[in-house]
Amino acid sequence: MKMTFFEVQFTYKGNYGCKYLAGEMVMVKQVRSWSKPDGIPGLIGRKIPPFIDGFGSYLQEIMDSYVNVRTNQSFGRDTTVWTLFSNVEDKIKQNDWLPPIVNLRWSVGQGNWARIPWIAFLDSRITNTAQKGIYVVYLFREDMEGLYLTLNQGVTDVLAQSGVTQSEGRRLLRQRAELLRNDFGELIKYGFNLDNDINLHTDSSLGINYEYGTIAYRYYSSAELPDDGILSTELYHLIEVYQAYVLKLEDDMLQPTNIDGSFSPAVGENHHSPISPFINMNKKVEALIRWIGSQGYVYEPWQIAAYIAALKTKPFVILGGVSGTGKSKLPDLVNKATGGVTHLLPVRPDWTDSSDVLGYCDIQGQFRPAPVLNWAREAEAQPTQHHVCIMDEMNLARVEHYFAEILSQIENRHKGDNGGYISGNLLSQTLLPKDETWSKQVLPANMAIVGTVNMDESTYGFSRKVLDRAFTIELSEINLGRWEREISDIVNMDTWPVELWYPRAVRLSELESPTDQERKTIEQVIKVLIEINSILQQSQMQLGYRSRDEIALFVLHAQEIEASFTTHSGEFVDPLDLAMLMKVLPRIIGGSSTIRQVIMELLAWANQGELPSESNADECVSQWTRNKRPSFLVDAKFPRTVARLCLMWERLTNEGFTSFWM
């Protein structure tokens, strides 16, 4: 019987044309126009899968001929197999039902016949290649006795990471697949299996990797291949659910995330994350802050956000403050919540060289590695986890004595094979041949060092060399009234992909594809730093190129999580204001007339931009004192910088000497 085609309303994401026969809808296709035939009640607006006529016969021909072609014919376009795959592509595209953002790709190999050929559907919003991301793909068994329609993930990017063994890479693929299945439960009602128990009957590494990466699947036996209607419908349902997932990622990314209701660029907009271009760092950090609060620990949201942005910018952060404020606990809590690894090394007052940090050669010349070197090797062997070494009470000994090699190599970082930045060799001494591997140990991209410090009379001060190479965060805001656990719906945190800890760059000149807004931000930061340098120049304390780049990159990283740069009461904390506290003010130390002039001019500049004078400085400090010495002055241009400068000016006036630290 001849069927008649009728067209119905089409909208993106929406409605489909249909074939109508004897009052019963039997087949469908999507169309792009609006036509309402007479006598077709109740069909308008229904979502109906497409019908790909002849789809099954082409798939059957591929399975019937592929092994023979692969075995007996040279690789090339002039083969029946190549033609069959091209015909499948034409058939799928012919009804024009795929959204334009979904690209169809297929492969029978490159130069040689593939043992596992495939046909993939890639949403261009998250991937344009089968090597990475998530996509829908038909995987043919090597023996061609069947094929799988799967929701899969790119395996090449994961397994190509530097230092990732095949077994570790497969473990990671399976772990990610398990996590992703939480978003695809709807597939069960369409008959899909949510596991990776597929068998491609292959011993090829790539084929086995596909098996580990599978999120969901349907199996079709060559002997019992379903008809075109079932094949079309099940493909449609899988792509529909896949697109709903991508749309949800988009919605998450496009939610207003700044406290002023504006939008922050998500990770994917700037290619920060190879895992997913729609990871919303604002939401991840907000969840982390709620989780830490639910554990009974008290930190201001901006303190946690500043720690994350600083550690991402540079793998050396110093946490200062009075005893008992949670300096050593903060890195541990963040690591526990995000799936990282924490190592603790208490610093001893008798350390005068790096032997207790990196290692030493004994009397027989055998090298004895110390904890930090051992942990660096461990981190290198576990590239999917972020490792943090906490150097507790770091200034009980002189940092320059026991930490010199690491300080130098942190400045010698270069891009590693996995997208992060690795240091040069941590050891400079010559070792015996059997110990030579230790001499090549670097600080890997997934490892950072956090030092905790108490600034009192029993500890050593930091030299400018140390302060210039670190981000220093003071946890000095104490609220003894907050003692109850915060109520939170966050029970378990998601593991963060280690790539979220990688910096955009280590120098501004290496920054890839900055947006116009990011360029504007960088220019604003540099304008401020030029003004600061004009003041610091008289004391020879100017910021160099390294500090310029690190401050600008910190501000860029902070913009990704700007919604968390707030106090508990909701006041916004400017990341640039914090950057000056971390990278500028700690450089100022002394009691000379030049230091006095510098603080006076900085105080006037950071407050309201008034003319610098001792009377204006004294008035600003008096106002700060009347307000009970707050950590910020509300009406100032840079509120926290001004408050700390008030403290430094008061010390200089009363004691004849001042510094950033107490």
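**Looking at the overall build of the chain**
Here is step 1 of the chain: Of the regular secondary structure elements, the chain holds 20 helices and 17 strands.
Here is step 2 of the chain: Here the chain holds 662 residues, and 55% of them are scored as buried.
Here is step 3 of the chain: Residue pairs in contact within the chain that sit at least 24 positions apart in sequence constitute 68% of those at least 6 positions apart.
Here is step 4 of the chain: Counting only carbon and sulfur atoms, one obtains 48% of the accessible surface of the chain, whose full area is about 29100 Å².

**Some points on the nonpolar core**
In summary, soluble globular proteins display a tendency toward joint burial of nonpolar side chains.
Here is step 1 of the chain: If you look at the biggest cluster of nonpolar residues, it comprises 125 residues, and the most contacted ones within it are Tyr307 and Met391.
Here is step 2 of the chain: Here this core takes 9 residues from helix α8 (residues 301-313), the largest share from any one element.
Here is step 3 of the chain: Not counting residues up to four positions away in its chain, the partners in contact with tyrosine 307 are Val317, Leu319, Leu330, Pro331, Val334, Val388, Val450 and Ile473.
Here is step 4 of the chain: Ranked by size, the runner-up nonpolar core spans 68 residues in total, among them Leu84, Ile134, Val158 and Ala177.

**Some thoughts on the environment of arginine 413**
Here is step 1 of the chain: Inspection of the secondary structure puts arginine 413 in the loop between α12 (404-410) and β14 (414-415).
Here is step 2 of the chain: Taking relative accessible area as the criterion, arginine 413 reaches 11% and is therefore assigned buried.
Here is step 3 of the chain: Between the C-alpha atoms of arginine 413 and valine 442, which are 29 residues apart in sequence, the distance is 9.4 Å.
Here is step 4 of the chain: Here arginine 413 is in contact with Thr313, Lys314, Pro315, Tyr421, Ile422, Ser423, Val506 and Arg507, once residues within four sequence places are set aside.
Here is step 5 of the chain: Within the local environment of arginine 413, its side chain forms a polar contact with the backbone oxygen of isoleucine 410, the two atoms lying 2.9 Å apart.

**With respect to unusual backbone geometry**
Here is step 1 of the chain: One non-glycine residue with positive phi stands out, namely glutamine 540, at about 60°.
Here is step 2 of the chain: Structurally, the position occupied by glutamine 540 is in the loop between α15 (516-536) and α16 (545-560).
Here is step 3 of the chain: Positive phi values are uncommon outside glycine, yet arginine 629 reaches one of about 55°.
Here is step 4 of the chain: Topologically, arginine 629 is positioned in the loop between α19 (614-626) and α20 (639-655).
Here is step 5 of the chain: The class of arginine 629 is partly exposed, set by a relative accessible area of 43%.

**What to know about a nonpolar patch on the surface**
Here is step 1 of the chain: On the surface, Val322, Ile478 and Leu480 cluster together into a nonpolar patch covering about 310 Å² of accessible area.
Here is step 2 of the chain: Mapping leucine 480 onto the fold places it in the loop between β17 (471-474) and α15.
Here is step 3 of the chain: Of the residues examined, leucine 480 reaches a relative accessible area of 76% and is grouped as exposed.

**Describing the pattern of salt bridges**
Here is step 1 of the chain: Overall, the coordinates contain 27 salt bridges when judged by the stated rule.
Here is step 2 of the chain: Its salt-bridge partner being glutamate 411, residue lysine 314 comes within 2.6 Å of it at the nearest N-O pair. Taken together, the positions of lysine 314 in the loop between α8 and β9 (316-320) and glutamate 411 in the loop between α12 and β14 put the pair 97 residues apart, joining distant regions of the chain.
Here is step 3 of the chain: Put simply, glutamate 531 and lysine 527 hold a salt bridge, and the shortest N to O gap is 3.1 Å. In this pair, glutamate 531 and lysine 527 both sit in helix α15, 4 residues apart, roughly one turn of the helix.
Here is step 4 of the chain: Shared partners join several salt bridges into a network, and the residues in it are Lys314, Glu411, Asp468, Arg546, Glu550, Lys583 and Arg587.

**Comments concerning the confidence of the model for the chain**
Here is step 1 of the chain: Scored by pLDDT, the chain has a mean of 83; 85% of the residues are at 70 or more.
Here is step 2 of the chain: Taking the mean pLDDT of every element in the chain, the minimum, 34, falls on strand β2 (residues 17-21) and the maximum, 97, on strand β8 (residues 216-221).
Here is step 3 of the chain: Contacts from residues 1-46, a stretch scored under 50 in pLDDT, to residues over four places away or in other chains number 87 contacts.
Here is step 4 of the chain: Taken together, the stretch residues 253-277 has pLDDT below 50 and engages in 53 contacts with residues farther than four places along the chain or on a different chain.

**Re the packing of helix α4 (residues 166-180) against helix α5 (residues 205-213)**
Here is step 1 of the chain: Running from N to C, α4 and α5 cross one another at 30°; their axes reach a closest spacing of 8 Å. Relative to α5, the element α4 is oriented roughly parallel. Taking contact as the criterion, the partners of Gln166, Arg170, Leu173, Arg174 and Ala177 in α4 are, on α5, Ser205, Ile208, Asn209, Tyr212 and Gly213.
Here is step 2 of the chain: For the contact of α4 with α5, the class distribution of residues is 4 nonpolar, 4 polar and 2 charged.

Cut-offs used in this document
Residues numbered from 1 in each chain as written. Predicted model: local features only at pLDDT ≥ 70, side-chain atom pairs only at ≥ 80, totals over all residues. Heavy atoms only, no water. Helix = DSSP H or I, 4+ residues; strand = E, 2+ residues; numbered from the N terminus. Buried < 20%, exposed > 50% of the residue type's maximum accessible area, 1.4 Å probe, protein only. Contact = heavy atoms within 4.5 Å. Areas by Shrake-Rupley, 256 points an atom, 1.4 Å probe, with all protein chains shown as cover. Core = buried A, V, L, I, M, F, W, Y, C linked by side-chain atoms within 4.5 Å. Polar contact = N/O pair within 3.5 Å; in protein donor to acceptor, adjacent residues only side chain to side chain. Patch = residues over 30% accessible without salt bridge, like charges linked within 9 Å, V, L, I, M, F, W, Y side chains within 5 Å. Salt bridge = Lys/Arg side-chain N within 4 Å of Asp/Glu carboxyl O. pLDDT = per-residue confidence, 0-100. Axes fitted to C-alpha atoms, helices over the stretch in contact; angles between N-to-C directions. Parallel < 35°, antiparallel > 145°, perpendicular 65-115°, else oblique. Nonpolar A, V, L, I, M, F, W, Y, C, P; charged D, E, K, R; others polar.

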